[in-house]
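# A structural walkthrough
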Protein chains: 2
Amino acid sequence: MKRITLLLVAVLMLAGIITFTAPASLHADDSATPIFVTKIPPGYRDWRLISVSHEAGNLNSIGAVLGNDVAIQAYREGKLPYPDGAIIAALHYGHVPSAENNKVFGQAQSFVAGPPTNIQFMVKDSTKYAATGGWGFATFIDGKPATAASMKSCFPCHNQVKASDLVFTHYAP
Amino acid sequence: MKRITLLLVAVLMLAGIITFTAPASLHADDSATPIFVTKIPPGYRDWRLISVSHEAGNLNSIGAVLGNDVAIQAYREGKLPYPDGAIIAALHYGHVPSAENNKVFGQAQSFVAGPPTNIQFMVKDSTKYAATGGWGFATFIDGKPATAASMKSCFPCHNQVKASDLVFTHYAP
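Residues numbered from 1 in each chain as written. Chains lettered and ligands numbered in written order. Predicted model: local features only at pLDDT ≥ 70, side-chain atom pairs only at ≥ 80, totals over all residues.

The two copies are related by a screw operation: chain B maps onto chain A through 180° of rotation and 0.0 Å of translation along the axis, at an RMSD of 0.0 Å. The superposition of one copy onto the other is thereby described by a two-fold rotation axis. Residue R48(B) of chain B places its C-alpha closer to the rotation axis than any other residue of that unit, at 2.9 Å. Both copies present the same face, since 100% of the interface residues in chain B are matched by interface residues at the equivalent positions in chain A. (Least-squares fit on C-alpha atoms with pLDDT ≥ 70 in both. Contact = placed C-beta atoms within 7 Å.)

Let us now look at the nonpolar core. What tends to happen in soluble globular proteins is that the nonpolar side chains get buried as a cluster. Of all hydrophobic cores here, the largest spans 82 residues; its most connected members are I88(A), I88(B) and A89(B). Apart from the residues within four sequence positions on either side, I88(A) is in contact with I50(A), V65(A), G67(A), A71(A), F121(A), M122(A) and V167(A). (Core = buried A, V, L, I, M, F, W, Y, C linked by C-beta atoms within 7 Å. Buried ≥ 20, exposed ≤ 12 C-beta atoms within 10 Å, placed from the backbone.)

Glancing now at the interface of chain B and chain A. With 36 residues of chain B in contact, the opposing surface of chain A contributes 36 residues. Tallying contributions element by element places strand β1 (residues 48-55) of chain B first for the side of chain B that touches chain A, with seven residues. Taken together, the residues of the side of chain B that touches chain A break down into 19 nonpolar, 13 polar and four charged. Of the pairings in the sheet, the one linking strand β1 (residues 48-55) of chain A to strand β4 (residues 110-124) of chain B comprises three bridges and is antiparallel in character. Looking at the pairing, S53(A) lines up with V112(B) of β4(B). (Helix = DSSP H or I, 4+ residues; strand = E, 2+ residues; numbered from the N terminus. Nonpolar A, V, L, I, M, F, W, Y, C, P; charged D, E, K, R; others polar. Pairing = 2+ DSSP bridges.)

Here we take up helix α2 (residues 69-77) of chain B. Counting along an α-helix, one turn takes 3.6 residues, and residues three or four places apart therefore face a common direction. Residue and element names in this part refer to chain B. Residues of α2 that are buried: A71, I72, A74 and Y75. For α2, the buried positions fall inside an angular range of 165° around the axis, keeping them on one side. Summarising the geometry of α2, the exposed residues directed more than 90 degrees from the buried face are D69 and E77. Where the residues of α2 are buried, they touch β1, β2 (61-67) and β3 (87-97). Residue G78 follows α2 closely and has a positive phi angle near 65°. (Arc of directions from axis to C-beta.)

Written as structure tokens, this is what we have:
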């Protein structure tokens, strides 16, 4: 449980903002509550690579960012905004030293993907997710969606990179 | 040219060994010379993700390791040794800080894929590459194969991880 809590804090820190939301704002009948993605898009582990990333500090994660066919095509064509149907997946793992590799290399230099920390998705649907820039956001930890409260920071943070249609990751050739 | 030289040194350091090979050993008629892969396997950029990696120190690279269908299937089934036809690609990029992300996060924590440094391949063909554990090795820098001299360190280094059929990278879920 402690691990899950730590991961949740990490997710919030990824968004750059830890919000302390009053429980009152979480009422299911609050029509202003953003809609979040609560089901893992099928087949995401077979999607193609967009790029890789490393978050140092407390997050201490290494990740791969993958895209479904719609997303990959838009990336490669430089098409903005991303068309409806585009889904971007960020697979995050612990950034852990590899004793096996370092032994062979003869020095401490190698970091590999440790246990998964979370998987995040951005799903483009300009109608369904109109309130959050056309993107539905999702974070899954151990296969379960993060709380709605923790997800409230996604849009304000991503909304700071409007020039790339709210997407941080650039395509790696 | 200086950049290429630096990258080449980086490749050698990745292997953990910088060998100083006498030109005499590079004669084309030297039948003991290992065979290296000199053509980039087509379509590799569309292959599926095996894992991600980060080499600190002088290499300072972040990478994605991808596999063709044969390699991915073997990884997922835990099949060792890898069957003939398996190809593993390591796409390496500079490990560079992202000013754009750090500005949003409010702290220096984010590293992304910078310019490509090299692409490396391992091609399994137990007959053709029998002299090097059944694997053909390749390094491409700016689309061009690295020198045969620089490639001589691949096999001795990879041969130190016999338990995983000479493959360093483990599958990330």
